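Next come the chains, spelled out residue by residue.
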Amino acid sequence: MSTLKINRLRTGIILSFLLIICTFFVVKAIDKKDGVDKAPRQTEYRWFRITSNYSPGNPVSSSDAVYLGTSATPPSDDCPTGNNNQCVSGFLTSQTTTSGSSYVLSGSSQTPNPSAPHITKN
């Protein structure tokens, strides 16, 4: 009789150990999947070259903004030297409209998004 109890105890311990190991791997797989899905996403901005002199953060006329591309980071800095003016500024997609295969600023002017890094040149 005691041999039967010992065998049941061993079986219970082994099954418990296997359950713990399986649970560990399932949780790890869920965490990995959730980590990819829940990674903080960077805001994508529509970047425009500012062709006239505007102080950083001031509204830009639609006619003075040339679309460069859409990304979470600004395009390369190839601004001309001059006063400390906006050179490349990021705008939210809601601040732009489609124009053919490109984008333009909505309305007569838009203020660059304050969260978007602006490129200026001194």
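Everything numeric here is computed off the predicted structure, so don't read it as measured data.

Q: Please give an account of the side chain of N85 that cites residues and values.
A: By the element assignment, N85 lies in strand β4 (residues 85-91). With a relative accessible area of 13%, N85 lands in the buried category. In terms of polar contacts, N85 uses its side chain to reach the side chain of N53, at 3.0 Å.

Q: Could you give an account of the packing of aromatic side chains, with specific residues and numbers?
A: Enumeration over the complete set of coordinates arrives at four aromatic pairs. Both rings, one in F48 and one in F91, keep their centres 5.5 Å apart while their planes meet at 85 degrees; by these two values the pair is edge-to-face. Of this pair, F48 sits in strand β1 (residues 45-50) while F91 sits in strand β4; the two residues are 43 residues apart in sequence, bridging distant segments of the chain. Ring centres 5.1 Å apart and planes at 65 degrees place the aromatic pair Y67 and Y103 in the edge-to-face group. You can see Y67 sitting in strand β3 (residues 65-71) and its partner Y103 sitting in strand β6 (residues 102-105), a full 36 residues away along the chain. Given the relative accessible area of 23%, Y103 is considered partly exposed. Put simply, the rings of F48, Y67, F91 and Y103 pair up and form one aromatic cluster. Across the ring face of Y103, the terminal group of R46 is positioned such that the distance to the ring centre comes to 3.6 Å.

Q: Help me get a handle on a nonpolar patch on the surface, residues and values and all.
A: Together, I14, L15, F17 and L18 make up an exposed nonpolar region whose accessible area comes to about 420 Å². By the element assignment, F17 lies in helix α1 (residues 2-37).

Q: Which residues make up the pairing of β1, and what values go with them?
A: For β1, a buried count of six out of six residues is recorded, marking the element as mostly surrounded by other parts of the structure. Of the two faces of β1, the one holding Y45, W47 and R49 and the one holding R46, F48 and I50 are both buried throughout. Alignment of β1 against β3, held across six bridges, turns out to be antiparallel. If you follow Y45 over to β3, its bridge partner there is S71. Where β1 lies against β4, four bridges are found, and the strand directions are antiparallel. The residue bridging F48 from the neighbouring strand is S89, located in β4.

Calculation rules
Residues numbered from 1 in each chain as written. Predicted model: local features only at pLDDT ≥ 70, side-chain atom pairs only at ≥ 80, totals over all residues. Heavy atoms only, no water. Helix = DSSP H or I, 4+ residues; strand = E, 2+ residues; numbered from the N terminus. Buried < 20%, exposed > 50% of the residue type's maximum accessible area, 1.4 Å probe, protein only. Polar contact = N/O pair within 3.5 Å; in protein donor to acceptor, adjacent residues only side chain to side chain. Phe/Tyr/Trp six-rings, centres within 6.5 Å; stacked < 30°, edge-to-face > 60°. Lys NZ or Arg CZ within 6 Å of the ring centre and 35° of its normal. Patch = residues over 30% accessible without salt bridge, like charges linked within 9 Å, V, L, I, M, F, W, Y side chains within 5 Å. Areas by Shrake-Rupley, 256 points an atom, 1.4 Å probe, with all protein chains shown as cover. Salt bridge = Lys/Arg side-chain N within 4 Å of Asp/Glu carboxyl O. Pairing = 2+ DSSP bridges.

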